[in-house]
Amino acid sequence: MSDQHDVHWLCRPTTIKKLWIVGIAILVLTVALELTIHPHPYFGIDGWFGFNAWFGFFSCAAMVLFAKLLGIFLKRKDTYYDD
Amino acid sequence: MMINSALPPGLILILGSLFLPALVGNARKTLMLLLPVLTMYFIWAVPDGVQLTVPFLDYTLEPLQGDKLSRLFATIFTLMAFVGGIFALNQKSQIELLSAYAYAGGAVGVAMSGDLVSVFIFWEFMAVASTLVIWSARTKESYRASMRYAIVHLFGGVILMIGVIGQIYHSGSVEFGAMKADSWWTWMLLAGFLINAGAPPFSAWLPDAYPSASWSGSVFLSAFTTKTAVYVLIRSFPGENVLIFVGLYMVFYGIIYALLENDMRRILAYSIINQVGFMVTGIGIGTDLALNGAAAHAFAHIIYKALLLMSAGAVMYEINKRKCTDLGGLYKAMPLTMICGTIGALAISGFPLTSGFTTKTMIASAAADQHIAYAWFLLEAASAGVFLHAGIKFPWFVFFQRAPGYVEREFGAKPKDPPFNMRLAMVIFAVMCVGLGVYPDPLYAILPNPVDFVPYTSTKVIHMLELLLFSGFAFFVLLKMMKRTLTITLDFDWFYRKFFNLLHEEFVVRHGGAAFAKFRLACLKRVDVIINHIFKHHGPHGILARTWPTGSMVLWVAILLGLYLLVYYI
């Protein structure tokens, strides 16, 4: 009996797939909502369509990559300071 | 009726804490709840202006003064002591409770002091009390971390002391008010304050020390030291340009190191530095809105960071595990802890309807109003990064990530939601996170400057949702790269934990070796001889420690006087 009923409903592949679909629908919706407002950009570029969406995504990707790069040099085993 | 009292409210917590170890059971619990309530009453009974003066050398100290900024910080420190006290009601370490309450009292003392000397005294008192909080976890790790913590803070205290003396000497007054970093002594003051804020290069003390405290200790620690630093910076260096850069560095330092971290409480410790970075940037911008933003953010931050550390503390309390690689799937066994932790995580990220949204956005708005483009863009990127490193990463790796039952299988643990008092403390702060997000007006009313800020406009809400939800999307897209490993990340503390040791060993082997060891042994032997000698005469059986009859004293006095007479005539 290793079918899907043994697994917690949140962990089933079908649920995870549904969560992804709902998640992406929400993302599209938030960007679409931007059509309903009239932004007052302070610096020009922040008035571009979907600025916060791509800015958020790419700055996060950049931070993760930078952390990864820094990790190459600065990561040590967690017993490093133990005597 | 309000009682007009000249007693600094911080002293109620400090003096009251001394009685805690003397009491047991319900009496102690009652006192733990009563002390912050009393303190809060006295804070709000203090009218504006100087209320108490104490002469000291040629100066007049003002250990008690009231204004909006002081009351705001004293209020949140006391509230923290109260709810932290509820959370820690079943903490068995009496030293920890005593020192945590004294520590809170020190923070209230700093917030209500009107002069540099009083600030310094309460400041150093906090350093000692907080060291004890860490130390009282009673593990080898916490002992060593507390010693490193104490050394950094005593060093910071020396720098601050030099600044205080320089300022008093050159201005001729002990007044604690707004100043500019334009002389070596004001730079020293600024540096002393910034060390406690967790600013570079000494940021490492915070993630080193706080996570090694007990399950309740780190909740107290998260609140006071860094936020008193924010308070003194708001009062003394508003609009100091360099703080924008220091703050922005702290913001990104916190995110990057938290992304690399495996220990859940160290993730939260790094995010303290990240959050204080937002506040420090706001202080650097220095407009009324920015300072309001820094103060309001400090207020909200204490609540949601304590909430996050309480949920982490509850996990520690139940299964005594801290590493993300050991955790996961706890959402089923600890549902309330998961919900409260997630509310704290949403609040720290500044999600609409949480306290982070109504407070932190003030700082970014101030940067936009002043047209400081780099600060605004970096703060936006950082807001996205907060959601990434604390908003999702913390709850994901602790409560989700794996199927339920993982810790039960791996460690034979039986986790459940913690005892009633701990659940109550989490619920109180979770409600406040949402409450201040939905209805921030009571907080806005006690901010230092008049508030003309509307957090909820459709533009602001939609932009924030876009920013945060797409950061969340980035997290799950890049999840493979976020996989936790059994590692730590080197920081500036490597210099004093490793480098100087290596340097010392290198020096000894090359130039001394056996000769140095012999010399050291000889020195130790000499010290032993001296101590033995002193013990022989002054120890319990020593000739100088015995009780002497009055008669023999009179005899010796007579002999000495006789000798004196003799010498006089010769």
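Just so it is clear, the structure is predicted and the values come from calculations on it, not from any experiment.

**Quick notes on the overall build of chain A**
Then comes step 1: A tally of helices and strands in chain A yields two helices and one strand.
Then comes step 2: Helices and strands in chain A line up, N terminus first, as α-α-β.
Then comes step 3: Each of the three principal axes of chain A carries a C-alpha extent, and together these read 55 × 45 × 15 Å.
Then comes step 4: The buried share of chain A, taken over its 83 residues, is 28%.
Then comes step 5: For chain A, the computed accessible surface area is about 5800 Å², with 72% contributed by carbon and sulfur atoms.

**With respect to the overall build of chain B**
Then comes step 1: When helices and strands are tallied, chain B shows 22 helices and three strands.
Then comes step 2: By the compact-globule yardstick of 25 Å for 570 residues, chain B fits well, its C-alpha radius of gyration being 27 Å.
Then comes step 3: In terms of principal-axis extent, the alpha carbons of chain B reach across some 105 × 60 × 55 Å.
Then comes step 4: Here chain B holds 570 residues, and the buried ones make up 59% of them.
Then comes step 5: Contacts in chain B between residues far apart in sequence, at least 24 positions, make up 81% of those at least 6 positions apart.

**Considerations on the side chain of B:Ser130**
Then comes step 1: Locating B:Ser130 in the fold gives a position in helix H5 (residues 116-135).
Then comes step 2: Discounting residues that sit within four places of it in the chain, B:Ser130 has contacts with B:Tyr103, B:Tyr149, B:Leu221 and B:Thr225.

**A few points about the packing of aromatic side chains**
The description of an aromatic ring pair uses the distance of the two centres, along with the angle that the planes make with each other.
Residues and elements named next belong to chain B.
Then comes step 1: According to the stated counting rule, one finds 53 aromatic pairs over all chains in the structure shown.
Then comes step 2: Relative to Phe-475, the ring of Phe-397 lies with its centre 6.5 Å away and its plane at 75 degrees, an arrangement referred to as edge-to-face. Residue Phe-397 is located in helix H15 (residues 373-399), and its partner Phe-475 is located in helix H19 (residues 458-477); the two are separated by 78 residues in the primary sequence. Like Phe-397, the residue Phe-475 is buried in the burial classification.

**Quick word on the interface of chain B and chain A**
Then comes step 1: At the junction of the two partners, chain B supplies 53 residues and chain A supplies 45 residues.
Then comes step 2: With both chains or domains summed, chain B and chain A bury close to 4500 Å², and 75% of this area falls on carbon and sulfur atoms.
Then comes step 3: If you sort the residues of chain B by the area they bury against chain A, B:Glu466, B:Phe470 and B:Ile488 come out on top, with a joint share of 14%.
Then comes step 4: Linking chain B with chain A are one salt bridge, by the criterion used here.
Then comes step 5: B:Lys323 is the partner of A:Asp78 in a salt bridge, and the nearest nitrogen-oxygen pair spans 3.1 Å.
Then comes step 6: Run the count over chain B and chain A and you get ten residue pairs in polar contact (both at pLDDT 80 or more).
Then comes step 7: Of all elements in the fold, only helix H10 (242-260), helix H14 (355-369), H15, H19, strand E3 (487-489) and helix H20 (493-511) of chain B reach the threshold of two or more residues within the side of chain B that touches chain A.
Then comes step 8: Per-element tally for the side of chain B that touches chain A: the top contributor is H19(B), with 14 residues.

**Let's talk about the domain arrangement of chain B**
Then comes step 1: Structurally, chain B comprises domain 1 (239-490) and domain 2 (512-569).
Then comes step 2: On a C-alpha basis, the centroid separation for the pair domain 1 of chain B and domain 2 of chain B is 62 Å.

**Regarding the pattern of salt bridges**
All names here are of chain B.
Then comes step 1: The tally for this structure, following the rule as stated, stands at ten salt bridges over all chains.
Then comes step 2: With a shortest N-O distance of 2.7 Å, Arg-148 and Asp-208 are connected by a salt bridge. Here Arg-148 is found in helix H6 (residues 140-171), whereas its partner Asp-208 is found in helix H8 (residues 205-209), with 60 residues between them in sequence. Grouping residues by exposure puts Arg-148 and Asp-208 together as buried.
Then comes step 3: Among the charged side chains, a salt-bridge network with shared partners connects Arg-148, Asp-208, Asp-493 and Arg-497.

**Overview of unusual backbone geometry**
Residues and elements named next belong to chain B.
Then comes step 1: Note that the residue after Pro-200, namely Pro-201, is joined by a cis bond; omega there is 0 degrees.
Then comes step 2: Note that Pro-201 resides in the loop between helix H7 (184-197) and H8.
Then comes step 3: Even without being a glycine, Arg-138 presents a positive backbone phi close to 60 degrees.
Then comes step 4: Along the chain, the position of Arg-138 falls in the loop between H5 and H6.
Then comes step 5: Although it is not a glycine, Gln-401 adopts a positive phi angle of roughly 60 degrees.

**A closer look at the UniProt feature "transmembrane region" (unreviewed entry) in chain A**
Residue and element names in this part refer to chain A.
Then comes step 1: Here the UniProt-annotated "transmembrane region" (unreviewed entry) positions come out as residues 19-37 and 49-74.
Then comes step 2: When the span residues 19-37 is considered, its composition is 79% helix and 0% strand, and the gap between its end C-alpha atoms is 28 Å.
Then comes step 3: End C-alpha atoms of residues 49-74 are separated by 38 Å, and the span's content is 92% helix alongside 0% strand.

**Considerations on the packing of H7(B) against helix H9 (residues 217-236) of chain B**
All names here are of chain B.
Then comes step 1: At a minimum axis separation of 7 Å, H7 and H9 run at an interaxial angle of 145 degrees. Relative to H9, H7 is oriented so that their crossing is left-handed. Contacts between H7 and H9 pair Leu-190, Phe-193, Leu-194, Asn-196 and Ala-197 from the former with Thr-225, Thr-226, Ala-229, Val-232, Leu-233 and Ser-236 from the latter.
Then comes step 2: For the contact of H7 with H9, a count of residues per class yields seven nonpolar, four polar and no charged.

**So, the environment of B:Thr550**
Then comes step 1: Inspection of the secondary structure puts B:Thr550 in helix H22 (residues 550-569).
Then comes step 2: In this structure the C-alpha to C-alpha distance between B:Thr550 and B:Tyr270, which are 280 residues apart in sequence, comes to 66 Å.

**Considerations on the nonpolar core**
Nonpolar side chains in soluble globular proteins tend to be buried together.
Residue and element names in this part refer to chain B.
Then comes step 1: Of all hydrophobic cores here, the largest spans 200 residues; its most connected members are Phe-73 and Phe-224.
Then comes step 2: The greatest single-element share of this core, amounting to 22 residues, is contributed by helix H12 (residues 288-319).
Then comes step 3: Excluding anything up to four places from it in sequence, Phe-73 contacts Ala-111, Lys-227, Val-230, Tyr-231, Ile-234, Ala-295 and Ala-298.

**Observations regarding helix H17 (residues 420-438) of chain B**
Then comes step 1: Taking 1.5 Å per residue as the helical rise, H17(B) with its 19 residues ought to reach 27 Å, and the 27 Å between its terminal C-alpha atoms agrees with that figure.
Then comes step 2: All of the buried residues along H17(B) are B:Asn421, B:Met422, B:Ala425, B:Met426, B:Phe429, B:Ala430, B:Cys433, B:Leu436 and B:Gly437.

**Describing the pairing of strand E2 (residues 59-66) of chain B**
Residues and elements named next belong to chain B.
Then comes step 1: The pairing of strand E1 (residues 49-56) with E2 spans six bridges and is antiparallel. Following the sheet pairing, Val-54 is matched in E2 by Leu-61.
Then comes step 2: Here E1 hands over to E2 after two residues, with Leu-57 in that stretch at a positive phi of 50 degrees.

**A closer look at H5(B)**
Side chains of residues three or four places apart in an α-helix project in the same direction, reflecting 3.6 residues per turn.
Residue and element names in this part refer to chain B.
Then comes step 1: Here H5 is 20 residues long and its end C-alpha atoms lie 29 Å apart, about the 28 Å a rise of 1.5 Å per residue gives.
Then comes step 2: Burial of H5 is extensive: 15 of the 20 residues sit out of reach of the surface.
Then comes step 3: Near the N-terminus of H5, the side chain that reaches the backbone nitrogen of Val-117, with its oxygen 3.0 Å away, is that of Asp-115.

**Observations concerning a nonpolar patch on the surface**
Then comes step 1: Taken together, B:Ile543, B:Leu544, B:Trp548, B:Leu555, B:Trp556, B:Ile559, B:Leu560, B:Leu563, B:Leu566 and B:Ile570 make up a surface patch of nonpolar side chains, about 1100 Å² in accessible area.
Then comes step 2: Along the chain, B:Ile543 turns up in the loop between helix H21 (514-538) and H22.

**Here we look at the packing of H5(B) against H6(B)**
Residues and elements named next belong to chain B.
Then comes step 1: In contact at an axis separation of 9 Å, H5 and H6 are set at 175 degrees when each is read in the N-to-C sense. The angle between H5 and H6 falls in the class roughly antiparallel.
Then comes step 2: Taken together, the residues of the contact of H5 with H6 sort by class into 15 nonpolar, seven polar and one charged.

Rules used throughout
- Residues numbered from 1 in each chain as written.
- Chains lettered and ligands numbered in written order.
- Predicted model: local features only at pLDDT ≥ 70, side-chain atom pairs only at ≥ 80, totals over all residues.
- Heavy atoms only, no water.
- Helix = DSSP H or I, 4+ residues; strand = E, 2+ residues; numbered from the N terminus.
- Buried < 20%, exposed > 50% of the residue type's maximum accessible area, 1.4 Å probe, protein only.
- Areas by Shrake-Rupley, 256 points an atom, 1.4 Å probe, with all protein chains shown as cover.
- Rg over C-alpha atoms; globule rule 2.2 N^0.38 Å.
- Contact = heavy atoms within 4.5 Å.
- Phe/Tyr/Trp six-rings, centres within 6.5 Å; stacked < 30°, edge-to-face > 60°.
- Buried area = accessible area lost by both parts, 1.4 Å probe.
- Salt bridge = Lys/Arg side-chain N within 4 Å of Asp/Glu carboxyl O.
- Polar contact = N/O pair within 3.5 Å; in protein donor to acceptor, adjacent residues only side chain to side chain.
- Domains from an automatic or database assignment.
- UniProt positions renumbered as here; feature names shortened; annotations may be inferred.
- Axes fitted to C-alpha atoms, helices over the stretch in contact; angles between N-to-C directions.
- Left-handed = near helix turned anticlockwise from the far one by under 90°.
- Nonpolar A, V, L, I, M, F, W, Y, C, P; charged D, E, K, R; others polar.
- Core = buried A, V, L, I, M, F, W, Y, C linked by side-chain atoms within 4.5 Å.
- Expected span 1.5 Å × (residues − 1).
- Pairing = 2+ DSSP bridges.
- Patch = residues over 30% accessible without salt bridge, like charges linked within 9 Å, V, L, I, M, F, W, Y side chains within 5 Å.
- Parallel < 35°, antiparallel > 145°, perpendicular 65-115°, else oblique.

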